Amino acid sequence: MVDLHMHSDASDGEFPPADLVDLAASKSITALSLTDHDTLAGQHEAKRRCKELGIRFIAGVETEVEFAPGEFHLLGYGMKLSEESPLETFLEEIRRRRIARNEEMISLMRAHGLSITLRDLNDLAGGEVIGRMHFAQWLIDAQMASDIPRAFDKWLGPGKAFHVPKQRPKLEEALNAIKKAGGKTVVAHPLSLWISWGRMAKYLPEWKEMGLDGLEALHSGATKREAERFTQLAAETGFFVTGGSDFHGMGRPDRRLGYGAAGIKLDESLLRPFDDD
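Since the model is a prediction, treat every value here as computed from it, not as a measurement.

*Asks:* Help me understand the side chain of His219, please; the structure alone is not making it clear to me.
*Replies:* As for its placement among the helices and strands, His219 is situated in the loop between strand 6 (214-215) and helix 9 (224-237). For His219, the side chain forms a polar contact with the main-chain nitrogen of Gly221, separated by 2.8 Å. Apart from residues no more than four positions distant in its own chain, His219 is found in contact with His5, His189, Gly243, Gly244, Asp246, Gly260 and Ala261.

*Asks:* What exactly am I supposed to notice about helix 1 (residues 17-26) here?
*Replies:* The α-helix advances 3.6 residues per turn, and as a result positions three or four apart in sequence lie on the same side. Those residues of helix 1 lying buried are Pro17, Ala18, Leu20, Val21, Leu23 and Ala24. Contacts from the buried residues of helix 1 go to strand 2 (31-34) and helix 2 (43-53). Of the residues trailing helix 1, Ser28 is marked for its positive phi of about 70°.

*Asks:* Please explain the packing of helix 3 (residues 86-111) against helix 7 (residues 171-180) as it appears in this structure.
*Replies:* The description of two helices packed together rests on the angle between their axes and the distance between the axes. Running from N to C, helix 3 and helix 7 cross one another at 145°; their axes reach a closest spacing of 7 Å. Touching Pro86, Leu87 and Phe90 of helix 3 are Glu173, Ala174, Ala177, Ile178 and Lys180, all from helix 7. Residues belonging to the contact of helix 3 with helix 7 are distributed by class as follows: six nonpolar, no polar and two charged.

*Asks:* Before we go on, may I ask you to explain the pattern of salt bridges in this structure?
*Replies:* Between side chains of opposite charge, a pair can form when the charged atoms approach closely. On inspection of all chains with the given rule, the structure shows 18 salt bridges. Put simply, Arg56 and Asp275 hold a salt bridge, and the shortest N to O gap is 3.1 Å. Remark: Asp275 occurs in the segment after strand 7 (240-241) and Arg56 occurs in strand 3 (residues 56-65); sequence separation between them is 219 residues. We classify Arg56 as partly exposed; its relative accessible area is 30%. Glu93 is the partner of Arg96 in a salt bridge, and the nearest nitrogen-oxygen pair spans 2.7 Å.

Definitions and cut-offs
- Residues numbered from 1 in each chain as written.
- Predicted model: local features only at pLDDT ≥ 70, side-chain atom pairs only at ≥ 80, totals over all residues.
- Heavy atoms only, no water.
- Helix = DSSP H or I, 4+ residues; strand = E, 2+ residues; numbered from the N terminus.
- Polar contact = N/O pair within 3.5 Å; in protein donor to acceptor, adjacent residues only side chain to side chain.
- Contact = heavy atoms within 4.5 Å.
- Buried < 20%, exposed > 50% of the residue type's maximum accessible area, 1.4 Å probe, protein only.
- Axes fitted to C-alpha atoms, helices over the stretch in contact; angles between N-to-C directions.
- Nonpolar A, V, L, I, M, F, W, Y, C, P; charged D, E, K, R; others polar.
- Salt bridge = Lys/Arg side-chain N within 4 Å of Asp/Glu carboxyl O.

Treat this as a map of the structure, not an account of what it does.
Pasting the structure below:
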């Protein structure tokens, strides 16, 4: 089995990169890609451990670009790892924007009379990248919301008191950064775009012209029928297909290493687009 979408604690996953590779090996994974959000920090550790265990490693990353009405997450694969590459510069800017956004949210909450601090959020994150889920958990602990959905509905969602919009890069910027690093680009979990099948069929050729390469048709969140439709759209557009569990940790039993859409096993046929890397 293979898995081309997983996260370590270099971003928002549960396990350190080497431990994640060990877990994948225990599940009979023969090839994998570590696709942490907006960082390449775990790549070298994961690559070393894969080499020790005889697992094929494909460098990966996941980032988000401007899009409405849903979210457009972009996967990059097969990049050359370099601290001085345009990709690392691009990701560093995204991380800078996230920090600035978190600081602005903290300021809004403190202006509202709340005693939240960056240390509080770091403690909640436990080494992960701080995100809105950690703000939501703080609000729950402060008894200002009963659960995460209500924290967003009352405080953190668009138009609410503590909402600060993301500053996402444009698709062209992300494509360019990944391509300059020698990588291939894939639309992650396309259901998150929140568009109709008709609009999907319209957008995909446009994105193909911009340089997009593939579609994650076999993401673990898709049904069998959805995966089939995405696979058909990919073929019609000239995209290759990828798949992955989107594994973050043991808290999501529906995301199993090596399994994609509708619980199917992900096999080595998904590696063909990367055979020339």
